[in-house]
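# Coordinate analysis (summary)
Listed below are the residues making up each chain.
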Amino acid sequence: MDRRTVKEEYEGLYLSSLMENRTRDVIANHVEKEQDKPLFLYIPSLTVHYDNDGYYAPEQFYSCDDSVRCDMQAMLTATEHMVRQIIGFLDDAGMWDNTLLIFASDNGAPNKAEQSNGHLRGYKYELWEGGVRTVAFMYSPSPSVLPHRGVTDCLVHVSDWYLTLVAVSGGWGAWIESGGVIPSRIFDSMGPVSVPDQGSGNVF
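Here's a quick rundown of the structure.

Reading the values: the criteria
Residues numbered from 1 in each chain as written. Predicted model: local features only at pLDDT ≥ 70, side-chain atom pairs only at ≥ 80, totals over all residues. Heavy atoms only, no water. Disulfide = S-S within 2.5 Å. Buried < 20%, exposed > 50% of the residue type's maximum accessible area, 1.4 Å probe, protein only. Helix = DSSP H or I, 4+ residues; strand = E, 2+ residues; numbered from the N terminus. Contact = heavy atoms within 4.5 Å. Salt bridge = Lys/Arg side-chain N within 4 Å of Asp/Glu carboxyl O. Axes fitted to C-alpha atoms, helices over the stretch in contact; angles between N-to-C directions. Parallel < 35°, antiparallel > 145°, perpendicular 65-115°, else oblique. Nonpolar A, V, L, I, M, F, W, Y, C, P; charged D, E, K, R; others polar. Expected span 1.5 Å × (residues − 1). Phe/Tyr/Trp six-rings, centres within 6.5 Å; stacked < 30°, edge-to-face > 60°. Lys NZ or Arg CZ within 6 Å of the ring centre and 35° of its normal.

In the structure shown here, the tally under the stated rule is one disulfide. Two residues share a disulfide in this structure: C64 and C70, whose sulfurs sit 2.2 Å from each other. Its torsion about the S-S bond being 120°, the disulfide of C64 and C70 is classed as right-handed. Classification of C64 as partly exposed rests on a relative accessible area of 35%.

Looking at the secondary structure, you find Y123 in the loop between β1 (99-104) and α4 (129-132). Given the relative accessible area of 27%, Y123 is considered partly exposed. Put simply, Y123 and K112 are 11 residues apart on the chain and 9.1 Å apart in space, counted from C-alpha to C-alpha. Once residues lying within four places of it in the same chain are set aside, the contact partners of Y123 are A109, P110, N111, N117, G130 and G131.

Scanning the entire structure with this criterion turns up three salt bridges. Between K37 and E34 there is a salt bridge; the shortest N-O distance is 3.7 Å. Take K37: its relative accessible area is 46%, and that puts it in the partly exposed class. A salt bridge links E129 to R133, with the shortest nitrogen-to-oxygen separation between them at 2.9 Å. Judged by relative accessible area, E129 falls into the partly exposed class, the value being 42%.

The geometry of helix α2 (residues 15-33) relative to helix α3 (residues 68-92) is characterised by a closest axis approach of 9 Å and an angle of 10° between their N-to-C directions. On the basis of the axis angle, α2 is roughly parallel to α3. Packed against α2, whose contacting residues are S16, M19, E20, T23, R24 and I27, the element α3 presents A78, H81, M82, Q85, I86, F89 and L90 at the interface. Of the residues in the contact of α2 with α3, the class split is seven nonpolar, four polar and two charged.

The subject of this paragraph is α2. Think of an α-helix as 3.6 residues a turn; residues three or four steps apart then line up on the same face. With 19 residues, α2 ought to run about 27 Å at 1.5 Å a step, and its terminal C-alpha atoms sit 27 Å apart, in line with that. Among all positions of α2, only S16, L18, M19, E20, T23, I27 and H30 are buried.

What follows deals with the packing of aromatic side chains. For any two aromatic rings, the description comes down to two numbers: the centre-to-centre distance and the angle of the planes. In total, this model carries two aromatic pairs according to the counting rule given. Their ring planes at 10° and their centres at 5.7 Å tell us that F103 and F137 sit as a pair that is stacked. Taken together, the residues span a long stretch of sequence, with F103 in strand β1 and F137 in strand β2 (residues 136-139) at a distance of 34 residues. R121 extends its terminal NZ or CZ atom over the ring of W128, reaching a point 3.8 Å from the ring centre.

Here is the structure:
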C-alpha cells in the first residue's frame, strides 16, 4: 500500500483506527490462508506524540478539559482501545490463547509543556535515562506460551528482543540443527528463558 492509497482510502481516519482495521484484515487473511503457520504482528502505534500536526484523537477518547496533557491522555486512550480491539480479533479467530503480547515504548517524553519523565534526567533525543529508559511488558493468557511471570529491574536493550523472541518461540533448536547461530545467554540480558517444546505461537 503506497502513501497515495492510504491518503485517499483512509482520509479522516485516526491512525489507531486505521491500524486496527488493517490488523483485523491481516488476521482474517491469516486464518483463511495460513492458519497452520505462526503469525508475527508488528504494530508501531504513532498516536501518542506531543505534536501530531493537528491530528488529535477523536472526541470520544477525551475525558478532560482542553490542554496538552489532555490531548496526550486521549491519544493513549485511543491506543488502549486499539490494543483491546486487536486482542478481540485474535480471540474471535481462536488465536489469542496461543499469542504472546509485547507492549513497549521506544523513548521517553520530550522536553515540552506538561510532560515529564519523573525522576529520570533528560528527555527524548537525549542519551540520559529520561530519553532512553522506558517500561515494557509481555503477556500471554497461556502459561505454555509464557511460563515465567513477574517483574524484573534488569537492564534490557532493544537488541535483546530478538534473542528473547527466538528463544520463546522455540526457534533455537531449529537453528542449531540447521547449523545456524548457537545462542549465547551472555547476550540476553533478560536472563535464561524456559522455552516450550513447540514454537507455533503468535506474537504481536
